Amino acid sequence: MKKACIRILRGAVPFLATIILWRLSATFWNPGGILALIPIFFYTFVRPVPWFMPFGMVMCFLIDYKCATVLYWTAMYCTLYAAYGFQNVIDLSQWAGGAVRAFGLVLGGLLMILLCRDFNMTNLARTVWLGVWATALYVPITTLIQRIRHD
């Protein structure tokens, strides 16, 4: 019984980590719960977990709700998922560091698109800060989740 409960909890870790990172939103450190994109990216593209894609869509919708971006993150997530599913050249599970470079490129590109919507120096500084901050936290967060999960 104890082993079954531990196995269930370990299976729920990616989902719980995403919800926790979304709920821990703060204006400067985690605006709109955007750090929840780290486990969403990791467990969708690098180490796929069954049933995580629909959950990721819901969480991206919730990030859209908190950030006041009308379906932006949800649409981009679905687009990236479709593009990644149709190609067979890039295998992110084989990239070093849990594909931190891929995450940085994807997040940076998506943030730059948002920056073009309302460009000014304050938004440029916020965009750069958020991109660097999220990419820097990618490795510690994914490592912690993997250790808890025993991947």
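In this text, all values refer to a predicted model and were calculated from it rather than measured experimentally.

Reading the values: the criteria
Residues numbered from 1 in each chain as written. Predicted model: local features only at pLDDT ≥ 70, side-chain atom pairs only at ≥ 80, totals over all residues. Heavy atoms only, no water. Helix = DSSP H or I, 4+ residues; strand = E, 2+ residues; numbered from the N terminus. Buried < 20%, exposed > 50% of the residue type's maximum accessible area, 1.4 Å probe, protein only. Contact = heavy atoms within 4.5 Å. Areas by Shrake-Rupley, 256 points an atom, 1.4 Å probe, with all protein chains shown as cover. Lys, Arg positive; Asp, Glu negative; His and termini not counted. Charge placed at Lys NZ, Arg CZ, Asp CG, Glu CD. Patch = residues over 30% accessible without salt bridge, like charges linked within 9 Å, V, L, I, M, F, W, Y side chains within 5 Å. Salt bridge = Lys/Arg side-chain N within 4 Å of Asp/Glu carboxyl O.

Visitor: Any chance you could break down the overall build of the protein chain for me, citing the residues and the numbers?
Guide: In terms of regular secondary structure, the protein chain is built from 6 helices and 0 strands. Taken over the C-alpha atoms alone, the protein chain extends approximately 55 × 35 × 25 Å along its principal axes. Residues classed as buried in the protein chain amount to 39% of the 151 residues present. Here the analysis covers contacts within the protein chain between residues at least 6 apart in sequence; of these, 68% occur between residues at least 24 apart. Just so you have it, the protein chain exposes about 9100 Å², and 71% of that area is on carbon and sulfur atoms. One finds the centroid of the 12 positive side-chain charges in the protein chain at a distance of 14 Å from the centroid of its 4 negative side-chain charges.

Visitor: Break down a nonpolar patch on the surface for me, with residues and values.
Guide: A contiguous nonpolar surface patch, about 290 Å² in accessible area, is contributed by Leu16, Ile20 and Leu24. If you trace the backbone, leucine 16 turns up in helix 1 (residues 2-23). The exposure class assigned to leucine 16 is partly exposed, which follows from its relative accessible area of 43%.

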